[in-house]
Amino acid sequence: MIHYDLRCTAGHEFDGWFKDSAGFEAQAKAGFVECPVCGGTEVTKRLMAPAIPKKGRSRAKEVAPPAAVPAAPPPLPPPGSNQAAAGPVPAQVVALLQRMRAEVEKHCDYVGSGFAEEARKMHRGESDRRGIYGEASAADTEALQEEGIEIARLPWVPRADG
């Protein structure tokens, strides 16, 4: 495995691990290396200092002492609640959710408050199966799941472009 410090064209810096340098090159060329902040796929390697062991010491002995175990994160809100987890949402997560929203809007049909009804119609074969999104109450969501209808609740963040 090889570790690279990376930078996107917007100047965001992050790191990544790859099988070898050819693996990085192939993934970058295919657009699979993505900035976790803005989603840009034009990524380059930054200059890095080589990891050279001190004279007379092998690299195996250069292992840093274990870091202190961080405190456990705050508990997540109960399923079905509309509460947000405590603390700010990292920019990388917001960017990922914005890209996910854009893909849902691009590839799925918006059915609004009729989501539960349309999901049931598709499940029974009364409507063509397709990707849909819309609003559903916690009770409707639970009822759909109990009926064996697969759904997913997604955190809906403001659009990246607006």
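These figures come from a predicted structure and were not determined experimentally.

Colleague: Got a sec to walk through the sheet that holds strand 2 (residues 13-18)? Specific residues and values, please.
Modeller: Across the sheet, which stays open at both edges, the three strands sit in the order 2-1-3 with antiparallel pairing between neighbours. Across the chains shown, the open sheet's two edge strands, defined by having one partner strand only, are strand 2 and strand 3 (43-45). In this sheet, adjacent strand axes meet at a mean angle of 40° when their direction is disregarded. Sheet analysis places strand 1 (residues 2-8) next to strand 2, joined by six bridges and oriented antiparallel. Counterpart to D5 in the pairing with strand 2 is D15. Set on the sheet, helix 1 (residues 21-29) makes contact with strand 1, strand 2 and strand 3; between it and strand 1 the angle comes to about 30°.

Colleague: Tell me what's going on with the pairing of strand 1, and back it up with residues and numbers.
Modeller: Two successive antiparallel strands, strand 1 and strand 2, enclose a turn made up of four residues, where G11 displays a positive phi of approximately 90°. The pairing of strand 1 with strand 3 spans three bridges and is classified as antiparallel. Looking at the pairing, L6 lines up with K45 of strand 3.

Colleague: So what about the pattern of salt bridges? Which residues, and what values?
Modeller: In the structure shown here, the tally under the stated rule is 11 salt bridges. A salt bridge links K45 to E25; the shortest N-O distance between them is 3.3 Å. In this pair, K45 sits in strand 3 while E25 sits in helix 1, placing the two residues 20 residues apart along the sequence. Take E25: its relative accessible area is 40%, and that puts it in the partly exposed class. With a shortest N-O distance of 2.7 Å, D109 and R130 are connected by a salt bridge. With D109 in strand 4 (residues 109-112) and R130 in the loop between helix 3 (115-124) and strand 5 (132-134), the pair connects residues that are 21 residues apart, well separated along the chain. Among the residues examined, R130 registers a relative accessible area of 32% and is labelled partly exposed. What you see here is one network of salt bridges that share partners, running through R7, E13 and R46.

Colleague: Requested: an account of the nonpolar core, with residues and values cited.
Modeller: Residues Y4, L6, C8, F14, F18, F24, A28, V33, C35 and V43 constitute the largest nonpolar core, which totals 10 residues. Every element with two or more residues in this core is listed here: strand 1, strand 2 and helix 1. Of the residues forming this core, the biggest block, three residues, is contributed by strand 1. The next biggest cluster of nonpolar side chains, apart from the first, holds eight residues, and it includes A116, I132, L144 and I149.

Colleague: How would you summarise helix 3 if you had to cite specific residues and measurements?
Modeller: If you check which residues of helix 3 are buried, you get F115, A116, E118, A119, R120 and M122. Of the surrounding secondary structure, the elements contacted by the buried residues of helix 3 are strand 4, strand 5 and helix 4 (138-146). Looking one or two places after helix 3, you find G125, whose phi comes out positive at around 85°.

Calculation rules
- Residues numbered from 1 in each chain as written.
- Predicted model: local features only at pLDDT ≥ 70, side-chain atom pairs only at ≥ 80, totals over all residues.
- Heavy atoms only, no water.
- Pairing = 2+ DSSP bridges.
- Helix = DSSP H or I, 4+ residues; strand = E, 2+ residues; numbered from the N terminus.
- Axes fitted to C-alpha atoms, helices over the stretch in contact; angles between N-to-C directions.
- Contact = heavy atoms within 4.5 Å.
- Salt bridge = Lys/Arg side-chain N within 4 Å of Asp/Glu carboxyl O.
- Buried < 20%, exposed > 50% of the residue type's maximum accessible area, 1.4 Å probe, protein only.
- Core = buried A, V, L, I, M, F, W, Y, C linked by side-chain atoms within 4.5 Å.

Purely geometric numbers; function is a separate question.
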